[in-house]
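The residues making up each chain are set out below.
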Amino acid sequence: MYDYLIVGAGIYGSVFAHELTKRGKKCLVIDKRNHIGGNMYTGRVHGINVHKYGPHIFHTNDEKIWNYINKFTAFNQFVYNPVANYEGRLYNLPFNMHTFYQLWGIKDPNLVLDKIKEQKGNGNNIISNLEEQAISMVGSDIYEVLIKGYTEKQWGKKCSELPKSIIKRLPVRLTFNNNYFNDKFQGMPTNGYTEIFINLLKGIEVRLATDYFSDSDYFNCLARKIVYTGPIDRFFDYKYGKLEYRSLEFETNVLNINNYQGIYVMNYTSSEIPYTRVIEHKHFDNHGDENVTVVTKEYPKTGTINTEPYYPVNDEKNNKIFLQYKKESEMLHNVIMGGRLGEYKYYDMHQVIASALNMISKESL
Ligand code: FAD
């Protein structure tokens, strides 16, 4: 008999398994995929660390989490400076003095503020959707070139039909600073993310290509407690309705050239181009064969029963359904729901680790 059955070898499940094993508990980890690491998984292609489920940049302000993750792998001094491509012209992100110079040829921060103010409108109108919200924050040029098409592809809806609540803040930086994140700590694991999971799960029994729902009665009998990190609505057989997720499709090609686009991530912000990003994996950590590069196009998709659920859609309707599932899960004293899908939260990696460590601290061991 195991103390814990952990469904999902992503970061939530793996941190849980690691910490509980350290405290003398017997854990079994299962995952329906044929690899560990969940969405953080990186595979090696011609020596290049390929982010199979989209580009992952580790960043956090929390020193404890940064020190924690650094115990399992070494990080490089990566700083995320992505570039946007709109109709063939390139712009730096996030919106900063480089971007404004590229848009308008303006070098004076005060003139940038005047320009944005002039385009924002007078602020007297009632804001009812994302389009109006974005224009009221950054003006029409930035909205048209860098926000509109990208957001519409991401959500599969017109910005004028999306709720304004999606955009709460649109920071405008009046300095020449392309660092996307404001966090104190940022980096890329030098050997890829999978090494973190190899180290977290050392000495722990892991069964891959094993779906909990293929025989949940059997799995439930194996352990005293279950930690479930899959979609919460699936766990309860959708009894309160299906939760919505956004999904993605990845088209990956190996090219026989050294360098395709000169940067790890290029965002495509025009709605004419169906993908949102092009990822060239080798530029994250400069590993791999010089004569080859691996390039992935990322296409946003509406989530269906047959697609991978990547992003929870935390609108009012879905959050209401989620609360019903959450309430029910809290009544099950032998089940812990965790992670991005179990908690139905748009968590980044550091937040998932924090959530797992917090839950572990509440377990009576
Ligand atoms: P997951 O990684 O989804 O792991 C859950 C695991 O459970 C999966 O392996 C799944 O196969 C398994 N599972 C599900 N159901 C079953 C079942 N029935 N039986 C057995 N196994 C099951 N975060 C950042 O901090 N920075 C970034 O730059 C960043 N970029 C991202 C880009 C993309 C495209 C995506 C999708 C996410 C990104 N994230 C990023 C978020 C990050 O991936 C997540 O926060 C984190 O990986 C979630 O970990 P998790 O353990 O909760 O879930």
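Draft legend 1. Local environment of the packing of aromatic side chains. Applying the stated criterion across every chain, the model contains 33 aromatic pairs. Summarising the aromatic geometry, the rings of Tyr4 and Phe16 are spaced 6.1 Å apart at their centres and angled 55 degrees between planes, so their arrangement reads as tilted. Of this pair, Tyr4 sits in strand β1 (residues 2-7) while Phe16 is found in helix α1 (residues 11-22), placing the two residues 12 residues apart along the sequence. Across the pair, exposure class does not vary: Tyr4 and Phe16 are buried alike.

Draft legend 2. Main features of the layout of surface pockets. Counted as a void, the second largest pocket has a volume near 460 Å³. Grouping the amino acids of the lining of the second largest pocket by side-chain chemistry returns nine nonpolar, five polar and seven charged.

Draft legend 3. Highlighting the site of the ligand. Asp31, His56, Ile57, Tyr347 and Met349 are the nearest of the 31 residues found near the ligand. Note that an oxygen atom of the ligand is positioned 2.8 Å from one of the backbone N or O atoms of Met349.

Draft legend 4. Local environment of the pattern of salt bridges. Per the counting criterion, the structure on display carries 11 salt bridges. The closest approach of N and O atoms between Lys22 and Glu19, which form a salt bridge, is 3.2 Å. Placement of both Lys22 and Glu19 in helix α1 is noted, with a separation of three residues, approximately one turn of the helix. Residue Glu19 is classed as buried on the basis of its relative accessible area of 3%. The salt bridge involving Glu298 is made with Arg277; its shortest N-O contact spans 2.9 Å. Here the residue Glu298 occupies a position in strand β14 (residues 293-302), and Arg277 occupies one in strand β13 (residues 277-280), the gap between them amounting to 21 residues. Among the residues examined, Glu298 registers a relative accessible area of 3% and is labelled buried. Within the structure, one salt-bridge network assembled from shared partners comprises Glu19, Lys22 and Arg23.

Draft legend 5. Structural context of helix α4 (residues 109-120). The terminal C-alpha atoms of α4 lie 16 Å apart, and with 12 residues this matches the ideal 16 Å at 1.5 Å per residue to within 8%. Among all positions in α4, only Val112, Ile116 and Gln119 are buried. Looking down the long axis of α4, one finds its buried residues gathered within 65 degrees of arc, a one-sided arrangement. Facing away from the buried surface of α4 by more than 90 degrees, the exposed residues are Asn110, Lys117 and Glu118. Looking at the buried positions of α4, the neighbouring elements they touch are α3 (97-104), α5 (130-138) and α6 (140-155). The backbone nitrogen of Asn110 lies 2.7 Å from a side-chain oxygen of the residue at the head of α4, namely Asp108.

Cut-offs and rules
Residues numbered from 1 in each chain as written. Predicted model: local features only at pLDDT ≥ 70, side-chain atom pairs only at ≥ 80, totals over all residues. Heavy atoms only, no water. Phe/Tyr/Trp six-rings, centres within 6.5 Å; stacked < 30°, edge-to-face > 60°. Helix = DSSP H or I, 4+ residues; strand = E, 2+ residues; numbered from the N terminus. Buried < 20%, exposed > 50% of the residue type's maximum accessible area, 1.4 Å probe, protein only. 1 Å grid on protein atoms, 1.4 Å probe; cavity = no way out; pocket = protein on both sides within 12 Å on 5 of 7 lines; lining within 4 Å. Points joined across faces, edges and corners; volume = space filled by probe spheres on them. Nonpolar A, V, L, I, M, F, W, Y, C, P; charged D, E, K, R; others polar. Near = heavy atom within 4 Å. Polar contact = N/O pair within 3.5 Å; in protein donor to acceptor, adjacent residues only side chain to side chain. Salt bridge = Lys/Arg side-chain N within 4 Å of Asp/Glu carboxyl O. Expected span 1.5 Å × (residues − 1). Arc of directions from axis to C-beta. Contact = heavy atoms within 4.5 Å.

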